[in-house]
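One-letter residues, chain by chain:
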Amino acid sequence: MSKPTSGNFTKTPGWLDWYAGPSKPRFQLPPNAVDAHCHVFGPGEHFPYAPERKYTPCDASWQQLFALRDHLGFSKNVIVQATCHGADNSAMVDALQRSKGKARGVATVKRTVTDQQLQEMNAAGVRGVRFNFVKRLVDFTPRDELMEIAARIAPLGWHVVIYFEAVDLPELWDFFTALPTTVVVDHMGRPDVAKPIDGPEFALFLKFMREHPNVWSKVSCPERLSVSGPRALDGERNAYRDVVPFARKVVESFPDRVLWGTDWPHPNLKDHMPDDGLLVDFIPHIATTPELQRKLLVDNPNRLYWPEEGRA
Ligand SMILES: O=C(O)c1cc(C(=O)O)oc(=O)c1
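Residues numbered from 1 in each chain as written. Predicted model: local features only at pLDDT ≥ 70, side-chain atom pairs only at ≥ 80, totals over all residues. Heavy atoms only, no water.

Going by this rule: UniProt positions are given in the numbering used here, feature names are shortened, and annotations may be inferred rather than shown by experiment.
Looking at an unreviewed UniProt entry, one finds the protein named 2-pyrone-4,6-dicarboxylate lactonase and attributed to Ramlibacter montanisoli. Of the protein, the UniProt comment under Sequence similarities (unreviewed entry) reads exactly: "Belongs to the metallo-dependent hydrolases superfamily. PDC hydrolase family."

Let's talk about the overall build of the protein
How we decide: Each helix is a run of H or I in the DSSP string that is no shorter than four residues. Each strand is a run of E no shorter than two, and both are numbered from the N terminus. Restricting the calculation to C-alpha atoms gives the radius of gyration, and the globule rule supplies 2.2 Å times the number of residues raised to the power 0.38. Note on exposure labels: buried denotes an accessible area under 20% of the residue type's maximum, exposed denotes more than 50%, and partly exposed covers the range between, all computed with a 1.4 Å probe on protein chains only. Accessible surface area values rest on a Shrake-Rupley calculation with a 1.4 Å probe, where residue burial reflects the displayed protein chains alone. Here Asp and Glu are counted as negative and Lys and Arg as positive; His is not counted, and neither are the chain ends. For this purpose, a charge sits on NZ of Lys, CZ of Arg, CG of Asp or CD of Glu.
When helices and strands are tallied, the protein shows 11 helices and 8 strands. Taking 312 residues into account, the globule formula puts the C-alpha radius of gyration at 20 Å, and the protein, at 18 Å, falls close to it. Seen through its C-alpha atoms, the protein measures out along the principal axes to roughly 45 × 45 × 40 Å. Counting the 312 residues in the protein, one finds 58% classified as buried. Of the roughly 12,700 Å² of accessible surface on the protein, a fraction of 51% belongs to carbon and sulfur atoms. Here the protein contributes 37 positive and 38 negative side-chain charges, whose respective centroids are spaced 3 Å apart.

Some words on the nonpolar core
Which entries qualify depends on this criterion: Among buried residues, those of type Ala, Val, Leu, Ile, Met, Phe, Trp, Tyr and Cys that are joined through side-chain atoms within 4.5 Å constitute a nonpolar core.
Counting residues in each nonpolar core, the largest one holds 90 residues, and the members touching the most others are F131, I162 and W260. Core analysis: the second largest hydrophobic core is formed by 12 residues, V34, V106, V184 and Y305 among them.

Remarks on the packing of aromatic side chains
For clarity, the cut-off: Paired rings are identified among Phe, Tyr and Trp, the last through its six-membered ring, by centres lying within 6.5 Å, and are further divided according to the angle between planes into stacked (under 30 degrees), edge-to-face (over 60) and tilted (the rest).
For the coordinates displayed, the defined rule picks out 18 aromatic pairs. Here the aromatic rings of W15 and F41 are separated by 6.4 Å at their centres, their planes lie at 70°, and the arrangement is edge-to-face. One end of the pair, W15, is in the segment before β1 (34-38); the other, F41, is in the loop between β1 and α1 (62-72), with 26 residues separating them in the sequence. Residue classification places F41 among the buried residues on the basis of a relative accessible area of 0%. Relative to F208, the ring of F176 lies with its centre 6.0 Å away and its plane at 35°, an arrangement referred to as tilted.

A look at the sheet that holds strand β2 (residues 76-80)
The line we're drawing: Any two strands between which DSSP finds at least two bridges are classified as paired.
A sheet is described by the order of its strands in space; here 8 strands give the open sequence β1-β2-β3-β4-β5-β6-β7-β8, paired in parallel fashion. Only two strands of the sheet have a single neighbouring strand rather than two, namely β1 and β8 (258-259). As paired strands, β2 and strand β3 (residues 103-107) are joined by 4 bridges and run parallel to one another. Its bridge partner lying in β3, V80 is registered against V106.

Overview of the UniProt feature "domain: Amidohydrolase-related" (unreviewed entry) in the protein
When the UniProt feature table is mapped onto this chain, "domain: Amidohydrolase-related" (unreviewed entry) is found at residues 34-305. Between the end C-alpha atoms of residues 34-305 the distance is 10 Å, and the span holds 37% helix and 13% strand.

Concerning the layout of surface pockets
What counts, and what does not: Here the term cavity refers to a set of points on a 1 Å grid, laid over the protein atoms alone, in which a 1.4 Å probe fits but cannot get out; the term pocket refers to an open set having protein on both sides within 12 Å along at least five of seven lines, with lining residues being those that place an atom within 4 Å of a point. Grid points are joined across faces, edges and corners, and a volume is the space filled by probe spheres set on the points. As a working rule, the residues Ala, Val, Leu, Ile, Met, Phe, Trp, Tyr, Cys and Pro are called nonpolar, Asp, Glu, Lys and Arg charged, and the rest polar, with Gly in that last group.
Volume-wise, the largest pocket comes out at about 660 Å³. Among the elements of the structure, β4 (126-132), α4 (143-153) and α5 (169-177) are those that each provide at least two residues to the lining of the largest pocket. Element by element, the count of residues in the lining of the largest pocket is highest for α4, at 4 residues. Here the residues of the lining of the largest pocket sort into 11 nonpolar, 6 polar and 11 charged. Each pocket or cavity is described by its volume, and for the second largest pocket that value is around 220 Å³.

A short note on the side chain of D35
Selection rule: For this document, the term salt bridge refers to a Lys or Arg side-chain nitrogen within 4 Å of an Asp or Glu carboxyl oxygen. Under the rule applied, a polar contact is a pair of N or O atoms within 3.5 Å (in protein, one hydrogen donor and one hydrogen acceptor; residues adjacent in sequence only if both atoms are side-chain atoms). Every residue pair with non-hydrogen atoms within 4.5 Å of one another is taken to be in contact.
Within the secondary structure, D35 is located in strand β1. Buried D35, no salt bridge; nearest opposite-charge side chain is K218, N-O distance 8.7 Å. In terms of polar contacts, D35 uses its side chain to reach the side chain of T262, at 2.7 Å. Beyond its immediate chain neighbours, meaning those up to four positions away, D35 contacts F74, K76, N77, V78, W260, G261 and T262.

Here you go:
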């Protein structure tokens, strides 16, 4: 893989670039495995970052993403619109169009999006919209605007991806449970893994999933959630042990509604940038049998993003 660059933009101070030269995972991904959460950034020279962005990343192109996909052993990607591009989905859509059908996308749209734009994105492979409630990443969007968008994308068969912090779930509960589509939670709703796994915060998240069969979760981002590590660096194949019980609980409780993704190029990490090969070696710690691994990596993402291929 090539090295990170940043073109004409100046990166946010302290920005950590994605890890160049990741190791080969020891865990062999099953055939047709999907990296169900990753991003492209720019390149800023061709796809400028949005004026309203809260950070300026290093570039992360579709070529670099697809090289990582092949290196790690994934067959496909789900490319999620990153907040640094706001509601301009052109870098993500370009990546989908370059993917030869091996990528699907999740867009960010405003209520001003036209039906034709939605149709065009659908033709390119977009299958969902993302609603972001993480305050450091986006400005507030009124709930009625989001509900209107959800109602417009539902007939396309798209779903809604939600990103929020665990402490905000009580306040967002009524809105989330009123959404008319499949709902996919980013990064397990960001549990605080320093709190007990059987405490009220994580219990509420499990209740959210248990009581609402339309809710799915990505069990991704241990590198972001971990407090005590160890980091996926320097050959560590047993990384982020404090996150394992949380992710394992979700995988084992809801095996047919979980997804996994690298989160490459890992925006806004402050502490370290993981070796993505070692991050893949995290998977067998949270999905401990071949059956759970197949559901997490193959059956579930293909059912949601490539239903036309007819895999269960
Ligand atoms: O926690 C984050 O900083 C983060 C940011 C973004 C984004 O900017 O879109 O996406 C993610 O999945 C995670």
